[in-house]
Amino acid sequence: MNIGVAPRAGVVVSREVTLTRGKVAGLDFGTTNSVAALADRDGSSHLVRLHGPDGTDEVFRSALCFWHDEDVPGGMAVEAGPAAIHDYLEYPQDSRFLQSFKSVAASASFETASVFERRFRFEDIGRLFLQKLASHAGGSLDGLDRLVVGRPVEYAGGRPDPALARQRYDAMFAGFAGEIHYVYEPLAAAFGYASSLVEPATLLVADFGGGTSDFSVVCVGEPGAATRCVPLGHAGIGLAGDRFDYRIVDRLVLPMLGKGGGYRSFDKVLEIPRNYFADFADWSKLALMRNRRTLEDLHRLRRAAVEPQAIAHMIAVIENELGFPLYDAVGRLKRALSENEKADFHFSGAGLDIDAKVTRADFDEWIAEDIARIAATVDRAMAASGVEDATIDRVFLTGGTSLVPAVRSIFAGRFGEGKIMTGGELTSIASGLAMIAAEDDLAVWAA
């Protein structure tokens, strides 16, 4: 295999693993799903099984459900993961369901989320999520000496503030383990994938999550070499699966809720403010629209709207907590279009009934701008690494959004279909993080 790149000074990782840190783990805290893994004595890792209403699973939804309960201190109960979805579906109108909250980690405009009569900062939500994650792990995540947490190369949001995100992460994970370290998510996937290679290679690793798309180029040496893995360059963009969901909602749902319509103001007809629709199509913000101020504004807008029933539908979806069923319908369509050339979209609730036939060509057109921006980010990762396209021996795709055909085509067209490798789309990062956690020197990997 052709490496073609000399390792950069000061960026090396030993292949020899000695667990001198006690119990160590990796956590892929994702926008959509979270996965944990524990390091093994032989340098490998195993995924943590998490208990839920339907048994155990390695994948834990990054979601929370809140509801009033007088028997709980503070009068408010909370669940996370599959249990949160289960409890929400049991009593949707009496609960609050939050998902994709990682998307606001680097947002200076986000201060608190209002849940019933209480306000929660990002780190408050995060700590509740971690507490529930640990409780569903059956003790597997108790007493950790070291935890390595994945982080995106670039955070989601229009103007992400990485320093703010780091501050919030530090507050969220404080006390969860004796040591907390952060590593770029695609680097963790590369570390895990490299353990399966039996010869040198130069890898491009692409991690596509719900909120971000991240890329790393890594040089892998001979098995047993003192410098087995050498990171060469990275790039990321705060755009991924949730943005594709936004495109679907924008095309199929928002026109039914008044987008593009007008409202009367004195003797003029003005366009309905777009911020309502932008928030509605953002999973991290939709549930937060169920607050008194926003709903009062929407009711005033309905009374002045040229088509008041459309705004009434939006209000009904928000008041009836139908964000998750809408998310589920969008996800089903996206998955179906990854396997078929056409699929049906259906969403029904609160007096709204939407049926549409969508082709993969339609979807590809809707996300074309996003695909172009992702491709440009791959350009930046390659430029940062200093390697040519021909030097890349393998392209490892991970993350649920990597299954979208238009995403895969970026790499097949550029590097060749034969170089593309996949597997463990939802779990490979956690496995790699745990393996890195077992290393003696984390400084060269820490983000």
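These numbers were taken from a predicted model, which means no experiment stands behind them. (Residues numbered from 1 in each chain as written. Predicted model: local features only at pLDDT ≥ 70, side-chain atom pairs only at ≥ 80, totals over all residues. Heavy atoms only, no water.)

S.K.: Teacher, can you tell me more about the overall build of the protein here?
M.R.: When you go through the protein residue by residue, the secondary structure sums to 14 helices and 22 strands. Scaling as 2.2 N^0.38, a compact globule of 447 residues should have a C-alpha radius of gyration of about 22 Å, and the protein matches this with 23 Å. Projecting the C-alpha coordinates of the protein onto the three principal axes gives extents of approximately 75 × 55 × 35 Å. Within the protein, the proportion of its 447 residues that are buried is 54%. (Helix = DSSP H or I, 4+ residues; strand = E, 2+ residues; numbered from the N terminus. Rg over C-alpha atoms; globule rule 2.2 N^0.38 Å. Buried < 20%, exposed > 50% of the residue type's maximum accessible area, 1.4 Å probe, protein only.)

S.K.: Help me out: how do you make sense of the sheet that holds strand S9 (residues 95-99) in this one?
M.R.: The strands that make up a sheet are held in pairs by hydrogen bonds between backbone atoms, and each pair lies either parallel or antiparallel. Reading across from one edge, S8-S7-S9 is the order of the 3 strands in this open sheet, with antiparallel pairing throughout. Where the open sheet ends on each side, the last strands, each with one partner, are strand S8 (76-80) and S9. Each strand of the sheet is rotated relative to its neighbour by a mean of 20°, with strand direction disregarded. The sheet contact formed by strand S7 (residues 63-68) and S9 spans 5 bridges and is antiparallel. (Pairing = 2+ DSSP bridges. Axes fitted to C-alpha atoms, helices over the stretch in contact; angles between N-to-C directions.)

S.K.: What is the right way to look at the nonpolar core in this model?
M.R.: Buried together is how nonpolar side chains tend to be arranged in soluble globular proteins. With 75 residues, the main nonpolar core has Phe280, Phe345 and Phe411 as its most contacted residues. Per-element accounting of this core gives the leading share, 7 residues, to helix H10 (residues 323-339). Once residues lying within four places of it in the same chain are set aside, the contact partners of Phe280 are Val249, Val253, Leu254, Leu257, Leu286, Met289, Met314, Val317, Ile318 and Leu326. One finds Met76, Leu98, Ala113 and Tyr182 within the second-largest nonpolar core, a separate group that totals 43 residues. (Core = buried A, V, L, I, M, F, W, Y, C linked by side-chain atoms within 4.5 Å. Contact = heavy atoms within 4.5 Å.)

S.K.: Hey, could you run me through the pairing of strand S21 (residues 394-398) in this one?
M.R.: Each regular strand displays side chains that alternate between the two surfaces of the sheet. Most of S21 is tucked away, with 4 of its 5 residues classed as buried. Where strand S14 (residues 201-208) and S21 come together, 5 bridges link them in parallel fashion. Counterpart to Asp207 in the pairing with S21 is Thr398. Relative to strand S22 (residues 420-421), S21 runs parallel, the two sharing 2 bridges. Within S22, the position partnered with Phe396 by the bridge is Met421. As for the winding sense of the linkage, the β-α-β connection from S21 through helix H13 (residues 405-415) to S22 is right-handed. (Right-handed = clockwise from strand over helix to strand, strands pointing away.)

S.K.: Looking at this model, I keep getting lost on the state of the cysteines. Mind explaining?
M.R.: Working definition of a disulfide: a covalent bond connecting the sulfur atoms of two cysteines. For the structure shown, the criterion picks out 0 disulfides. In this structure Cys229 is a free cysteine whose sulfur lies 8.8 Å from that of Cys219, the closest cysteine sulfur available. Among the residues examined, Cys229 registers a relative accessible area of 3% and is labelled buried. (Disulfide = S-S within 2.5 Å.)

S.K.: Would you mind going over the sheet that holds strand S16 (residues 229-237) with me for this structure?
M.R.: Reading across the sheet, the 5 strands line up as S16-S15-S14-S21-S22 and stay open at both edges, with mixed pairing between neighbours. The open sheet is flanked by S16 and S22, the only strands paired with a single partner. Against the sheet, H13 touches S14, strand S15 (213-220), S21 and S22, its axis set at about 160° to S14.

S.K.: Can you walk me through the pattern of salt bridges in this structure?
M.R.: Here the idea is simple: oppositely charged side chains can pair when their charged atoms come close. Under the defined criterion, the tally for this structure stands at 21 salt bridges. Ionic pairing is found between Asp328 and Arg332, a salt bridge with its closest N-O pair at 2.6 Å. Taken together, the positions of Asp328 and Arg332, both in helix H10 and 4 residues apart, correspond to about one turn of that helix. Overall, Asp328 belongs to the partly exposed group, its relative accessible area being 28%. (Salt bridge = Lys/Arg side-chain N within 4 Å of Asp/Glu carboxyl O.)

S.K.: So what exactly am I meant to see when it comes to the side chain of Asn33 here?
M.R.: In this fold, Asn33 is placed in strand S2 (residues 33-39). Under the relative-accessibility criterion, Asn33 is labelled buried at 18%. Sequence-distant contacts of Asn33, that is, excluding residues within four places in its chain, are made with Asp28, Val59, Phe60, Arg61, Ser62 and Leu426.

S.K.: Just checking my understanding: could you explain the confidence of the model for the protein for this structure?
M.R.: Close reading of the predicted structure is inappropriate where its pLDDT is low. On average, residues of the protein score 92 in pLDDT, and 94% of them are at 70 or above. Contacts from residues 1-19, a stretch scored under 50 in pLDDT, to residues over four places away or in other chains number 60 contacts. (pLDDT = per-residue confidence, 0-100.)

S.K.: Would you explain the packing of aromatic side chains in this entry?
M.R.: Under the definition given, this model contains 23 aromatic pairs. Geometrically, the ring pair formed by Phe29 and Phe129 is tilted, given 6.0 Å between the ring centres and 45° between the ring planes. Pair noted here: Phe29 is in strand S1 (residues 24-29) and Phe129 is in helix H2 (residues 122-136), with a separation of 100 residues, a long-range link. With relative accessibility at 0%, the residue Phe129 sits in the buried group. Look at Phe101 and Phe122: their rings are 6.1 Å apart centre to centre, the planes differ by 50°, and that puts the pair in the tilted class. (Phe/Tyr/Trp six-rings, centres within 6.5 Å; stacked < 30°, edge-to-face > 60°.)

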